[in-house]
Amino acid sequence: MGNALTKMDRTDTRLISALRHNGRASVSDLASTLNLSRATVRARLDRLQTSGDVVGFTVVLKEDVAQDPVRALMMIGIEGRGTDRVLRQLGSLPQVRSLHSTNGRWDVIAELGTETLEALDDVLSRIRKFEGVSQSETSLLLSTRKSGA
């Protein structure tokens, strides 16, 4: 998170965006889509993986989204030096699917997943009571789709 070993340029960003759209795209398809040579795409991918900026490729299954009928993003502001403690507390909650540090207004974004709205309300209340949590804003995820899908 924020410890990039290489300086990414616009081409790298476009390449990563194309891979996020279709992680199974071939080097030839990526080259065509981005109007680059296959050698350039291969070299960029190799460099991004070697540097650790790209750590792997993944698949999102329909069941991954279906397992949590209620999903939300909770943006959290943390006061003082309590970030590590709050992150540990968040990480211990089974409803927290992932945590992201951010810049800007919010310190942390938590991806939450629950079976019901009531369960979501319960976990939101618990998180808001953590010492150091000064503010929060939550958005329900209504649907998930890939760009261009």
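Everything quoted here is computed from the prediction, not taken from an experiment.

**Description of the pairing of strand 1 (residues 70-78)**
Then, in step 1: For strand 1, the buried fraction is high: eight of the nine residues fall into the buried class.
Then, in step 2: As judged from the seven bridges shared by strand 1 and strand 3 (residues 108-114), these two strands associate in the antiparallel manner. Each bridged residue has a counterpart across the sheet, and for M75 the counterpart in strand 3 is I109.
Then, in step 3: As paired strands, strand 1 and strand 4 (residues 133-140) are joined by seven bridges and run antiparallel to one another.

**Regarding a nonpolar patch on the surface**
Then, in step 1: Taken together, the side chains of L117, L140 and L142 present a nonpolar region at the surface, about 350 Å² in accessible area.
Then, in step 2: Relative to the helices and strands, L140 resides in strand 4.

**What about the sheet that holds strand 4?**
Then, in step 1: The four strands lie next to each other as 2-3-1-4, forming an open sheet whose pairing is antiparallel. Strands at the two margins of the open sheet, each flanked by one partner only, are strand 2 (96-101) and strand 4. Strand after strand, the sheet turns through a mean of 20° between neighbouring axes, direction not considered.
Then, in step 2: Across the sheet, helix 5 (residues 83-91) touches strand 1, strand 2, strand 3 and strand 4, and the angle it forms with strand 2 is around 160°.

**Describing the confidence of the model for the protein**
Predicted coordinates in areas of low pLDDT are best not read in detail.
Then, in step 1: The pLDDT averaged across the protein works out to 85; a share of 88% of its residues lies at or above 70.
Then, in step 2: Across the protein, the element-wise mean pLDDT spans from 60 in helix 4 (residues 62-66) up to 96 in helix 6 (residues 117-128).
Then, in step 3: Predicted confidence for residues 1-5 stays below pLDDT 50, and this span has six contacts to residues more than four positions away or in other chains.

**Digging into the pattern of salt bridges**
Then, in step 1: Counted according to the given criterion, the structure contains five salt bridges.
Then, in step 2: Residues D12 and R44 are paired through a salt bridge, measuring 2.9 Å at the closest nitrogen-oxygen approach. Residue D12 is located in helix 1 (residues 10-21), and its partner R44 is located in helix 3 (residues 38-51); the two are separated by 32 residues in the primary sequence.
Then, in step 3: Among the ionic pairs, D12 bridges to R47, the shortest N-O distance being 2.9 Å. Taken together, the positions of D12 in helix 1 and R47 in helix 3 put the pair 35 residues apart, joining distant regions of the chain.
Then, in step 4: Judged by its relative accessible area of 0%, D12 is buried.
Then, in step 5: A relative accessible area of 31% means that R47 is categorised as partly exposed.
Then, in step 6: One network of salt bridges, with partners in common, ties together D9, D12, R44 and R47.

**Quick notes on the packing of helix 1 against helix 2 (residues 27-34)**
Then, in step 1: Relative orientation of the contacting elements helix 1 and helix 2 amounts to 125°, with a least axis distance of 11 Å. With respect to each other, helix 1 and helix 2 are oriented oblique. Between helix 1 and helix 2 lies a crossing whose hand is right-handed. Contacts from R14, L15, A18 and L19 of helix 1 reach helix 2 at L30, T33 and L34.
Then, in step 2: Broken down by class, the residue content of the contact of helix 1 with helix 2 amounts to five nonpolar, one polar and one charged.

**So, the packing of helix 1 against helix 3**
Then, in step 1: Where helix 1 contacts helix 3, the axes come no closer than 11 Å and their chain directions differ by 85°. Accordingly, the angle class assigned to the pair helix 1 and helix 3 is roughly perpendicular. Within the contact between the two elements, helix 1 uses T11, D12, L15, I16 and L19 and helix 3 uses V41, R44, L45, R47 and L48.
Then, in step 2: Looking at the contact of helix 1 with helix 3 residue by residue, the class counts come to six nonpolar, one polar and three charged.

Thresholds applied
Residues numbered from 1 in each chain as written. Predicted model: local features only at pLDDT ≥ 70, side-chain atom pairs only at ≥ 80, totals over all residues. Heavy atoms only, no water. Buried < 20%, exposed > 50% of the residue type's maximum accessible area, 1.4 Å probe, protein only. Helix = DSSP H or I, 4+ residues; strand = E, 2+ residues; numbered from the N terminus. Pairing = 2+ DSSP bridges. Patch = residues over 30% accessible without salt bridge, like charges linked within 9 Å, V, L, I, M, F, W, Y side chains within 5 Å. Areas by Shrake-Rupley, 256 points an atom, 1.4 Å probe, with all protein chains shown as cover. Salt bridge = Lys/Arg side-chain N within 4 Å of Asp/Glu carboxyl O. Axes fitted to C-alpha atoms, helices over the stretch in contact; angles between N-to-C directions. Contact = heavy atoms within 4.5 Å. pLDDT = per-residue confidence, 0-100. Parallel < 35°, antiparallel > 145°, perpendicular 65-115°, else oblique. Left-handed = near helix turned anticlockwise from the far one by under 90°. Nonpolar A, V, L, I, M, F, W, Y, C, P; charged D, E, K, R; others polar.

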